[in-house]
Structures are given as C-alpha cells and as structure tokens.
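Chain and residue survey
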Amino acid sequence: LTASLIPIAIVLPPLLAALLITLLALRRPALARALLLAALLISVVASAAALWRCALGETLTYQFGGWPAPYGIVYGIDTLAALASLLITSIGLAATVYAGPSLAREAAGNEGAFLATSALLLSGMIGMVITADLFNLYVFLEIAAITAYTLIAAGGGTAALASFRYLLIGTVGASFYLLGLAYLFALTGTLNMSDMAARLPAFAAQPAVITAIAFIVTGFAVKMAVFPMHGWLPDAYTYAPTVATALIGALMTKVSAFALLRVLYGVAWPAVAPLDLPITSLLGWPAAIGVLVGSVMALAQTDVKRLLAYSSISHVGYIALGLAIGNSDALVGAVLHIVAHSLMKGCLFLIVGGVSYRFGIRVEEGFQHLARKMPVAMAAFVLCALSMMGIPPTIGFFSKWYLLLGALRAGEIGFVVILLVSTLLNAWYFFRLIERIYFGHEEEEGGRPATERELPPSMLGPIAVLASALIVVGTLSYPLADGLLRRPVDSFVGTLERSLEVTFEPSHEWGGRGTRERANVQTLERSLVWKQWSR
Amino acid sequence: MELMEARYEYWMTSGLILLGFYGLFVKRNLVKKLIGLNILQSAVILLFISLAMKSGGTVPILPHHPPHDHAPIVYASPLPHVLMLTAIVVMVATSGVAFALLILIHRRYGTLNEAQLLEQGP
C-alpha cells in the first residue's frame, strides 16, 4: 500500500460497497452485510496505516485528477484526521457486525437498503474528516446528513417526524456553513484549507471575516446539537433503529465537532486570534448550560434510550466547551472526549438496543436485576457508565481531566465548577441504573429464578470490544494525548496561544489552613512570547 | 442608500434568507416549512452565483481566435457556478428525502399540520 493511495483506500471501500450492496441485496441479501464488513475492514486497516504514518510525522495527501493543492480538490490526512477516520471506521465495523440479528428484527426486508445507506453515511463522515477542501467538506457533510435522516426514518412513522425535524434544523445548519463559506470565498478566492489559512489573515480587519466565522460556528453548533440548538436530538435518537442510533449517536455530532475544530482552529485561527473575539464566552456558555441541561433532563427520563440521548447533549457540551476554551489542553481534551464519547455512547446504545432486542423493553423498570439475565452485556454497561462519569482508568476520566486542566489554565473557574457538577449528575443517573441492574428486587418469573438470556455472539462481540476499548484507550491516553494529539493541536493554537502563567502561592485568606494552596491562574492575554510551559 | 444600490444583490439574498426563516418558523404546515427551507438554500446559492459576476464579463470559454484588438477578455468566474451545481444537487436530494419523510408522516398521523401533530403525540 503506497502512501498516496491510503486516503483513497479509506474512503472508497464503503462508497463502492454502498453501490454494490443496493444491487446485491436484490439477489443475495445475506452477502450484503459480508460485503460491507469486508469494505470496512479495508478502511480500518488503511486508517490504522495512515495513523501510523502520521504518528511518524508524515502528512498523507491525495490529489484528485492530479490537480495540485490550491486549484484541485485534495484529501489531506494528518494525525487528527487519521485518528478520527480510524474511530469512524472501527465503530462502523462494530455496528455492522452487530447489525446482523438486530436489523433482521428492526428493518426486516429492508436490510440491504439500510446497510447501503449506512455505508454511505460512513463514507460521508470519513470524507468530512479527511478532506482538505472547504466546499468538499460541505458536500460530505450533506451526504452524511441526508443518509442520517434516512436511517433515522427507518424506525417508522414516529421516527419519520423526528427525522423531518432533524432535516429542517440540520439543513439550516449546513446552509449557515455554506453562507459563511461564501464570505470566506469572496474574500480570498480559495477553498483549499491551508491556502485559506495562509490568505485569510490579510483580510482579518474586515468585518466579513467575523460574520463568516459566526455563521460557520453557528452552523456546526447546530449539527453538534449544542444548547439551545439541541431540540432535534432526543426524538431522533429515541425513535431510530438501534444500529442507526449507534452510528449517528456515536459519530454524527462528533464528526461535526471535529469539522468545527478543523475549520475554526485549523483554517481561521491565524486570522481570528488577533481579533480577540469572545469565542470562549459566546460558544462556551451555551455549551456549559447544555452540559447541565442535558444532565438534568437525563435525570428526568424513564426511557433509557432517551436518557442516553439527553446525556449525549450534555457530553457534546463538554466537547464544545473544550473547543470554546481553545487552549492546548482544552483542545486535547476535546479531541480525547470525541474519541471517548464515540466509544462509550456507541457501546451504550448497542447495549440498550440489545436489551430491547431480547426483552422488548426500554424503560428503566425493565432493567430490574438484569445482571443475572445478561451478565456480560451488563458488565459492559457498568464499564461504559464508569467512563461516562469519568472514573479512571477509563478514557472518560482522562478526557475530562484535560478539559478541566484547560478550563483551569484559561482561568474559567465557572466552567470547572460546571464540569464537576455534571460529573455528579452523571454519577446520579448512572448509579440509579446500575443499582437497579445489580441490586434491584429480584423479580420471580413464576417462582423460578431468572435464567440467563445473553445476547447472540454477533451482538455481544461488538459490545465487549467497544467496552474493553474504553479501558485500553484509557491506559494509552497519555501517549495518545501528549505524544500524538499535542503536536497537531499546538500547530493550530500554539503560535498565538494565550500565554498563561500558573503560579501556586500559599493562601493568606485561609490562614489557618496553610497547607492548602490556591491556584492563581493569571491570564496574560496574547503576549507575543509563547511559552511552552506544559510538561 | 448608496450601499443598497451598489450591493443590491446582497440585500436581495438577505431578504430571501429572512423569508426562508419566516417560512421555517412561522408556518405551521410541514410542506410550507420545507418550502421555506428551499428558499433559504436558494438564497445561499444565489449569493454564490452573484459572487461570480463581473460587469461586462462573458462565458469562461477560451476562444479559438483571439480578438483582433488583443484586449483582455473579462470572464465570469466559473468556479462558483460549478460549486453551486453541486449544491443544487444536494438541495434536490434533501428535498427528495424530505418529501419521502412527509409521505411517511402523513401515513402515520394523517395530517401535516404541526399543531395537530403535537396534539397526537408520539
């Protein structure tokens, strides 16, 4: 596999598979899923190869039609893009393995169409993270979005209404992005990301730049379901079929967050940073409120799938918060949380889907003493729940740690408090479930103790793999964060990073308790000398 | 006022975008909401197309015989047109999916009026 072909080897297999599956499903539906599995396996391997090469300091590019960078469309894979595409393809692979028995129940007769659409969804999302062209990003964004609407609507009439609401809101978000892009294109005349990043600072003084950034950030915030633009999410996630919820709930909002990171910090930051826009408060406070609102609403739910949907709003808020704070630590935390939340929320949706596959229930009461009936799946549930709360050594702890570090170093104590409160709320609603699953009153089934009714292996396998990935990635989080993510993130914000000094001095106010120290986080805004102070 | 005359196409697109939002948020019928969405998308497409215009510009095709006076030929920029061709395809696909969804909704609920849909619940 030569380096120049890797980007194509990532995005092309699911795209081709989508076309072939539609034909194949007419004759041999059983082969359709095998084809998608094979295609995704190629993508996973190619993504892993790309990540390996990027970790060694390469950037992989592919030029369409041989046209060089600023004129033609190029794919550019750096460490972040490779990591994101590895995440997308692996979760897609897990969901496709799981889809066998699950789809036979939930989309009987339409498995081929469903699988073809989800293959298109995956290739759209992969395209969003590996493209280096801003208009190409829009096209892939819409491919992913339209297929997502279709997959959600596979859940029936109620789901169609939820999907239609999502379509209206999501298309407005995408149009906002396109509108912002029109401003940037009118100013610079280019669509290539790095070319735009180089040309844009010359126009930084024009108000059009600020308008464009406002439109683009709003557009992606709608796609991410950042509060108060989250209204479409709970219904869409609740009524969609399990596999669709797992794919969309795990990936769709996160890929948009990734695109926002790419456009805001990778493209616009050199022009935006000297303007001193209040991005931290304009994006940060809605995100922070969303963190709390999502958690509180999750507490009020009795339908577990809906509970997870609301908790998604809260956790997307974490990511948006990291992007809003925008220093090196917060951005590393945001990317880590993209990884963490995709893995754990994907796994949780698969587990809840498994419970309703087996027992036809989604309400909380139905989870009573489920640990005896489905020991492995429920152990995975506990693992995911611990990661959602942020308990080491799961990845959820480390992403939250970096986010907290970033908030602290930016001097945003309000955000720190909100992150901690949200952790408590997470613990509240997950321990409520865990207590029910493990220690609830045993329901006698006609006098007999409940018998084990574990999921079939093709559904249990992906759940177990995703759940153990939480621990594996968690243990590897230090090399992942500081070895892999720090460098690309610093290349975004490093040159004009707000220079911060953290000094620890004994507190005089709390005289009696001299042992405690107060973190005096002092912000020296944009001093030209950038201090590489961490580590 | 001067700005309005010089840049009337921007005011027109702004007006269209606002009209689209009016349809999206005020109208109760889901089909009308979708029409509002289409107006919004069209406005963005028109904005892109207006960026391509040059006064006195002609179609961007290289002539076989260069003009006799060797005057530079002014072209309209072809790039926004090509981009918007793609955007129109996206818009058509979105509308197609949306209409399919509307058919599903109508089958399930028997109405496309938002107020009545909310009454019926899930």
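Above: the structure in question.
Keep in mind that what you see is a predicted model, and the values were worked out from it rather than measured.

Residues and elements named next belong to chain A. The interhelical angle for the contact between helix α2 (residues 29-55) and helix α3 (residues 79-106), taken along N-to-C directions, is 155°, at an axis separation of 8 Å. What the angle tells us is that α2 and α3 run roughly antiparallel. For α2 against α3, the interelement crossing comes out left-handed.

Moving on to the interface of chain B and chain A. Across the boundary between the two partners, chain B contributes 33 residues, which contact 29 residues of chain A. Note on chain B versus chain A: buried area summed over both sides is about 2700 Å², and carbon and sulfur give 87% of it. Among the residues chain B hides against chain A, the three largest losses belong to Phe48(B), Val90(B) and Leu101(B). Together they make up 18% of the total. Counting the contacts that link chain B with chain A gives zero residue pairs in polar contact (both at pLDDT 80 or more). Considering every element that reaches the side of chain B that touches chain A, the biggest residue donor is helix α4 (residues 78-109) of chain B, with 17 residues. Here the residues of the side of chain B that touches chain A are counted per class, giving 28 nonpolar, three polar and two charged.

Now for the environment of Tyr478(A). Residue placement: Tyr478(A) occurs in helix α19 (residues 477-493). Each C-alpha atom, one on Tyr478(A) and one on Phe398(A), is 8.4 Å from the other, the two residues being 80 residues apart in sequence.

All right, on to the pattern of salt bridges then. In this structure the tally under the stated criterion is eleven salt bridges over all chains. Among the ionic pairs, Arg199(A) bridges to Asp195(A), the shortest N-O distance being 3.3 Å. On the criterion of helical spacing, the pair formed by Arg199(A) and Asp195(A) is a turn pair, its members being four residues apart in helix α7 (residues 193-199). A salt bridge links Arg28(B) to Glu114(B); its shortest N-O distance comes to 3.3 Å. Of this pair, Arg28(B) sits in the loop between α2 (8-26) and α3 (30-52) while Glu114(B) sits in helix α5 (residues 114-120); the two residues are 86 residues apart in sequence, bridging distant segments of the chain. Among the residues examined, Arg28(B) registers a relative accessible area of 40% and is labelled partly exposed.

Residues and elements named next belong to chain A. The tally for this structure, following the rule as stated, stands at 22 aromatic pairs over all chains. Measuring from ring centre to ring centre gives 4.9 Å for Phe-64 and Tyr-75, while their planes differ by 85°; the resulting arrangement is edge-to-face. Placement of Phe-64 in the loop between β1 (60-63) and β2 (74-77) and of Tyr-75 in strand β2 is noted, with a sequence separation of eleven residues between them. Phe-64 sits in the partly exposed class, given a relative accessible area of 33%. Residues Phe-397 and Trp-401 carry aromatic rings whose centres are separated by 6.1 Å and whose planes lie at 25° to one another, so their mutual orientation is stacked. Here Phe-397 and its partner Trp-401 are both found in helix α16 (residues 395-409), four residues apart, which amounts to about one turn of the helix. One aromatic cluster is present, built from ring pairs that chain together Tyr-149, Tyr-166, Trp-232, Tyr-237 and Phe-349. A cation sits over an aromatic face here: Lys-373 above Phe-359, 5.4 Å from the ring centre.

Reading the values: the criteria
- Residues numbered from 1 in each chain as written.
- Chains lettered and ligands numbered in written order.
- Predicted model: local features only at pLDDT ≥ 70, side-chain atom pairs only at ≥ 80, totals over all residues.
- Heavy atoms only, no water.
- Axes fitted to C-alpha atoms, helices over the stretch in contact; angles between N-to-C directions.
- Helix = DSSP H or I, 4+ residues; strand = E, 2+ residues; numbered from the N terminus.
- Parallel < 35°, antiparallel > 145°, perpendicular 65-115°, else oblique.
- Left-handed = near helix turned anticlockwise from the far one by under 90°.
- Contact = heavy atoms within 4.5 Å.
- Buried area = accessible area lost by both parts, 1.4 Å probe.
- Polar contact = N/O pair within 3.5 Å; in protein donor to acceptor, adjacent residues only side chain to side chain.
- Nonpolar A, V, L, I, M, F, W, Y, C, P; charged D, E, K, R; others polar.
- Salt bridge = Lys/Arg side-chain N within 4 Å of Asp/Glu carboxyl O.
- Buried < 20%, exposed > 50% of the residue type's maximum accessible area, 1.4 Å probe, protein only.
- Phe/Tyr/Trp six-rings, centres within 6.5 Å; stacked < 30°, edge-to-face > 60°.
- Lys NZ or Arg CZ within 6 Å of the ring centre and 35° of its normal.

Honestly, it's all geometry; don't read function into it.
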